[in-house]
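Now for the letters of each chain:
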Amino acid sequence: MRFRHPDGSTVHLAYCTNVHPAETLDGVLAQLRDHCEPVRRRLGRDRLGIGLWLAKDAARALVTDPAALRGLRCELERRGLEVVTLNGFPYEGFGAEEVKYRVYTPDWADPERLEHTAALARVLAGLLPEDVTEGSISTLPLAWRTAYDDERAETARTALRTLAERLDALEELTGRSIRVALEPEPGCVVETTRDAIAPLTAVGHDRIGICVDTCHLATSFEDPGIALDDLARAGVPVVKSQLSAALHAEQPHLPEVREALAAFAEPRFLHQTRTATAAGLRGTDDLDEALAGDALPDAGPWRSHFHVPLHAAPAAPLTSTLPVLTSALTRLVGGPHPLTRHLEVETYTWQALPPELRPRGRAQLADGIAAELTLARDLLTDLGLKELP
């Protein structure tokens, strides 16, 4: 979906396909048929943006076989779909029964992360629509915090500088400008937008910036205005933003609130949980840890890294951080010029919701994704952007 900003520029809205597990190119093609095109039809649009997630095997198939890449591009066009952004965070196995900490490997100190991301950039350059010259790729925020030392930090910085050089060369070759965005996430080396400033200024290249995920922003209790002002002062570009909402519990000390939260503690993904205290942010790596005894102070609200559907907040006594998303979006695209032109709805946890909230089959999932995109579209038009055909 495309929107015209009041300044005349085009803002792209997509939804991320990491909600549909697929490790191979055949699986990606099936996603387009079984999920993406039905969402487009529900929205009544001739064109729908998707943020492709390409696992290791699918990316390698595309980058090593020009015919396969042409075939994917043709299939996108045939189904009324377009790609300007990729989710390069998960490397493989994102649809496994247990993902948890595996999603953070390989990290940016591992050569495979550089090679995978460079391959994604080459693929994206070949998938961009004819009238689009800029693409974006989100990636993990350097590494999970526990296996990171000064040596690995320098290796990661060197890898990002090498990537920037390859992206420069790619634009010279193709005329397409691809940028890569570190996506701050609780528990990682770069947990907050502020944490991103030092490593990104050390890399010192405008092709490497930040992806503002509004669920992660909210989980860390960051104020969107302050966070985006800090990035602007530091000269860190917002390459893309993922529109998502976290799980919010206003009174976690109450037994009924803890019972409601326990329904969201599930075995597939990590749900880092945070609370703001007078001494600073406190947290656990997962929701079940927070619910175990007194692992986390409960005098103030808790927020958990669980991407809940944008249009359907959990039932009381829980809610979502949709107001943080709305506030961030106002700053991102509501000013005289957009801070980013790539927006991506990323609710990958539909099948991890409590059983009574999960979609039953493809049709209900498509309905839900279409409803999220409709909400995002309405927020954008309320900010003065005009939806384009």
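Look a little higher up for the structure.
Here, residues in each chain are numbered from 1, in the same order as that chain's written sequence. Side-chain atom pairs in this predicted model are given and counted only at pLDDT of 80 or more, local residue features only at pLDDT of at least 70, and totals for whole chains, interfaces and linings cover all residues. The basis for the side-chain values is all heavy atoms of the structure; hydrogens and waters are excluded.

### Notes on helix α4 (residues 111–127)
The periodicity of an α-helix, 3.6 residues per turn, causes residues three or four places apart in sequence to face the same way.
Then comes step 1: An ideal rise of 1.5 Å per residue puts 24 Å on 17 residues; α4 measures up with 25 Å between its terminal C-alpha atoms.
Then comes step 2: A simple rule labels every residue: compare its accessible area, found with a 1.4 Å probe on the protein chains alone, to the largest value its type can have, and call it buried under 20%, exposed over 50%, or partly exposed in between. Numbering of helices and strands starts at the N terminus; helices are DSSP runs of H or I of at least 4 residues and strands are runs of E of at least 2. In terms of residue burial, α4 counts as a mostly covered element, since 12 of its 17 residues are buried.
Then comes step 3: Buried within α4 are the following residues: Arg113, Leu114, His116, Thr117, Ala118, Ala119, Leu120, Ala121, Val123, Leu124, Ala125 and Leu127.
Then comes step 4: Any pair of nitrogen or oxygen atoms within 3.5 Å is treated as a polar contact; in protein, a donor-acceptor pairing is required on top of that, and neighbouring residues in sequence qualify only through side-chain atoms on both sides. You can read the cap of α4 off the contacts: a side-chain oxygen lies 2.9 Å from the backbone nitrogen of Glu112, and it is on Asp110. Multiplying one less than the number of residues by 1.5 Å gives the expected span of a helix.

### Concerning the packing of helix α1 (residues 25–43) against helix α3 (residues 66–78)
Then comes step 1: Angular values range over 0 to 180 degrees, each being the angle between N-to-C directions of two axes fitted as lines to C-alpha atoms, with helices fitted over their stretch in contact. One can describe the packing of α1 onto α3 by two numbers: an axis separation of 10 Å at closest approach and a directional angle of 10°. Classified by the angle between their axes, α1 and α3 sit roughly parallel to one another. Mapping the contact onto sequence places Leu25, Val28, Leu29 and Leu32 in α1 and Ala68, Leu72, Glu75 and Leu76 in α3.
Then comes step 2: Classifying every residue of the contact of α1 with α3 gives seven nonpolar, no polar and one charged. Here is the rule for angles: anything less than 35 degrees is roughly parallel, anything more than 145 is roughly antiparallel, 65 through 115 is roughly perpendicular, and the remaining ranges are oblique. Any two residues having at least one pair of non-hydrogen atoms within 4.5 Å are treated as being in contact. Charged means Asp, Glu, Lys or Arg here, nonpolar means Ala, Val, Leu, Ile, Met, Phe, Trp, Tyr, Cys or Pro, and polar covers whatever is left, Gly included.

### Brief notes about the pattern of salt bridges
Then comes step 1: For this analysis, a salt bridge means a side-chain nitrogen from Lys or Arg found within 4 Å of a carboxyl oxygen belonging to Asp or Glu. In this structure the tally under the stated criterion is 34 salt bridges.
Then comes step 2: Note that Glu130 is salt-bridged to Arg73, the shortest N-O span being 3.1 Å. Of this pair, Glu130 sits in the loop between α4 and β5 (134–139) while Arg73 sits in helix α3, placing them 57 residues apart in sequence.
Then comes step 3: Residue classification places Glu130 among the exposed positions, given a relative accessible area of 65%.
Then comes step 4: Owing to a relative accessible area of 15%, Arg73 belongs among the buried residues under this scheme.
Then comes step 5: Among the charged side chains, a network of salt bridges with common partners joins Glu37, Arg40, Arg41, Glu75, Arg78 and Arg79.

### Some details on helix α8 (residues 224–234)
Then comes step 1: For α8, the full list of buried residues reads Pro224, Gly225, Ala227, Leu228, Asp230 and Leu231.
Then comes step 2: Along its buried surface, α8 packs onto α6 (193–203), β7 (208–213), α7 (214–219), β8 (238–243) and α11 (322–333).
Then comes step 3: The backbone nitrogen of Gly225 lies 3.0 Å from a side-chain oxygen of the residue at the head of α8, namely Asp223.

### Quick look at the environment of Val84
Then comes step 1: Among the structural elements, Val84 can be located in strand β4 (residues 81–87).
Then comes step 2: With relative accessibility at 6%, the residue Val84 sits in the buried group.
Then comes step 3: Through-space distance from the C-alpha of Val84 to that of Ser136 is 6.6 Å; in sequence the pair is 52 residues apart.
Then comes step 4: In contact with Val84, other than residues within four places in its own chain, are His12, Leu124, Leu128, Pro129, Val132, Glu134, Gly135, Ser136 and His342.

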